[in-house]
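Each chain is listed here by its residues.
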Amino acid sequence: MNRRDFLKKSALTAGVVAGSVAVSSAVKPIEVEAKGFGVKEHKGKTIYDVVEMNDEFQPFYRKNIIFERGSTPYRSDFFVNQSAPKEHEGVNHTLLNYALLQGSSMSWGDTTLFYKFRKGKPNSKDGKPQQFKDKKEASYYIKRAAKFYKASAVGIAPYDENFMYVENIEEFKELGFKPKSVVVMCILMNHEILKLYPTLIGGCGAALGYSNMAETAGKVGVFISELGYSSYAGGNNWGMSVPIAISAGLGEGSRMGTLIHPELGTGFRIVKVFTELELECDSPITFGVEDFCNNCKKCADNCPSAAIYKVGKDYADGSNISTRKGIKKWATNSEKCYEYWGEAGCDCGRCITSCPYFKNDTWVHKLSKVVASTPGVNNVARYMDDMFGYGKLPTEETYRNFWENIEV
Ligand code: SF4
Ligand code: SF4
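Since this is a predicted model, take the numbers as computed values, not measurements. Throughout, a residue's number is its position along its own chain's written sequence, starting from 1. Chain A is the first chain written and ligand 1 is the first ligand written, with later ones labelled in order. In view of the model being predicted, local features appear only for residues whose pLDDT reaches at least 70, and side-chain atom pairs are presented and counted only at 80 or more, with totals across whole chains, interfaces and linings using the full set of residues.

A. Here's a closer look at the site of ligand 2. In the vicinity of ligand 2, the contacting residues are Ser254, Arg255, Met256, Phe292, Cys293, Cys296, Lys297, Lys298, Cys299, Cys355, Pro356 and Tyr357. Put simply, the parts of the chain that give the shell around ligand 2 at least two residues each are helix H12 (289-296) and helix H13 (298-302). With 3 residues, the single largest contributor to the shell around ligand 2 is H12. Residue composition of the shell around ligand 2, grouped by class: 8 nonpolar, 1 polar and 3 charged. In this analysis, residues qualify as near a molecule or strand once their C-beta atom, positioned from backbone atoms, comes within 6 Å of it. Only DSSP runs of H or I covering at least 4 residues are called helices, and only runs of E covering at least 2 are called strands; the numbering of each starts at the N terminus. In this classification, Asp, Glu, Lys and Arg are treated as charged, Ala, Val, Leu, Ile, Met, Phe, Trp, Tyr, Cys and Pro as nonpolar, and every other residue, Gly included, as polar.

Written as structure tokens, this is what we have:
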């Protein structure tokens, strides 16, 4: 199916085609409105106004993402190696650390509440759905509930098949469910634990994040179905989290491929709840990440597998099937990244933890944020970050002392 056919089949054909025509040429300057220091909210605009795309933009299959390429050596090597002691034998790959990782992942599996409740059918107690004055009021209550269930940040995106995996579109058809809106939530991970990447304990930070995102999304899904509307709580395999989160006004894409949020920085997970309830959508935001990433390149310097490139944003050439073509972005090489995970015997997030946006808790980084949103001088923030010693690899002693010393 070519892109034109794909767009025709989309429920949002008219809006998407109009948007696509607009983004085929250079992105035009657009009107913005202030939303917090250095943050510009592109009111009334969509992702197609802030992200450049060309005619190579095609439907994308979930089977091509690196974690799904199960029959290739990547996945099997990774899992074989993960349980085998590697270079940090006796420090990293201990049974204690391995058991901690398994416990951290507990709420993220086929037997968990998340999977039980992810398909929320309309279930209001008297059979009548909650009536809202308008979409704005409905969004208000959904967002309040999401925060109540411990979402660190929440935004609303329109449901757009262009950012769903092809398999998802078919799966929704089988479920007889046509979403209209997506509730997108950021779930902050434990930064002290993430700093221990790449080790099994560092991986516990991500695993706990997955467990928490499953719990929060499951609760939001139940809340919506109890209001009398269908919902579907989806993790990484349901829709492309970064563009959907950009649509929901939660941040900007970065050189390392993840979303950067103006307050949370990096070091969070993204989870989505799809619903038939029509909600008021947020607008994309920008706050200087593109300009900052152009100068900084710290994630690329710290990546042990050279999977992050130092070149400018471009259209991916498709040589790696896990990278989607047709979107102007900083593509990363997920094959190299995943191969490194296999060699290390654990997952890695050095890019995330070495990024100057990772640390929002110190005066250096509060100042960095101001500098980062100021074109022309924003590379100063990277030097400040280096100067204060952030982003250095933890020593073996840190891993050894984890059980006694790390604040949890
Ligand atoms: S996770 Fe590690 S190996 Fe992969 S891109 Fe990030 S720093 Fe590189
Ligand atoms: S480390 Fe620097 S270049 Fe990489 S994502 Fe963070 S800000 Fe951008």
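B. Broad picture of the pairing of strand E5 (residues 181-188). Put simply, a residue is buried when 20 or more other C-beta atoms lie within 10 Å of its own C-beta and exposed when 12 or fewer do; between those, it is partly exposed, and each C-beta is set from the backbone. Counted residue by residue, E5 has 7 buried out of 8 residues, so it is predominantly covered. Note that strand E4 (residues 153-158) and E5 share 6 bridges and pair antiparallel. The residue of E5 that forms the bridge with Ala153 is Cys186. Bridge count for E5 against strand E9 (residues 268-275) is 8 bridges, and the pairing is antiparallel. When the sheet's bridge partners are listed, Met185 is paired in E9 with Val271. Pairing between strands is defined by DSSP: at least two bridges between the two strands are required.

C. Spotlight on helix H14 (residues 334-344). Those residues of H14 not exposed but buried are Cys337, Tyr338, Trp341 and Ala344. For H14, the angular spread of buried residues about the axis comes to 120°, placing them on one side. Following H14 by one or two positions, Gly345 has its phi on the positive side, about 80°. It is the directions from the helix axis to the C-beta atoms that the arc portrays.

D. Fine view of the site of ligand 1. The environment of ligand 1 is formed by Cys303, Pro304, Ser305, Ala307, Ile308, Thr332, Cys337, Tyr340, Cys348, Gly349, Arg350 and Cys351. Those elements giving two or more residues to the shell around ligand 1 turn out to be H14 and helix H15 (350-354). Classifying every residue of the shell around ligand 1 by side-chain character gives 8 nonpolar, 3 polar and 1 charged.

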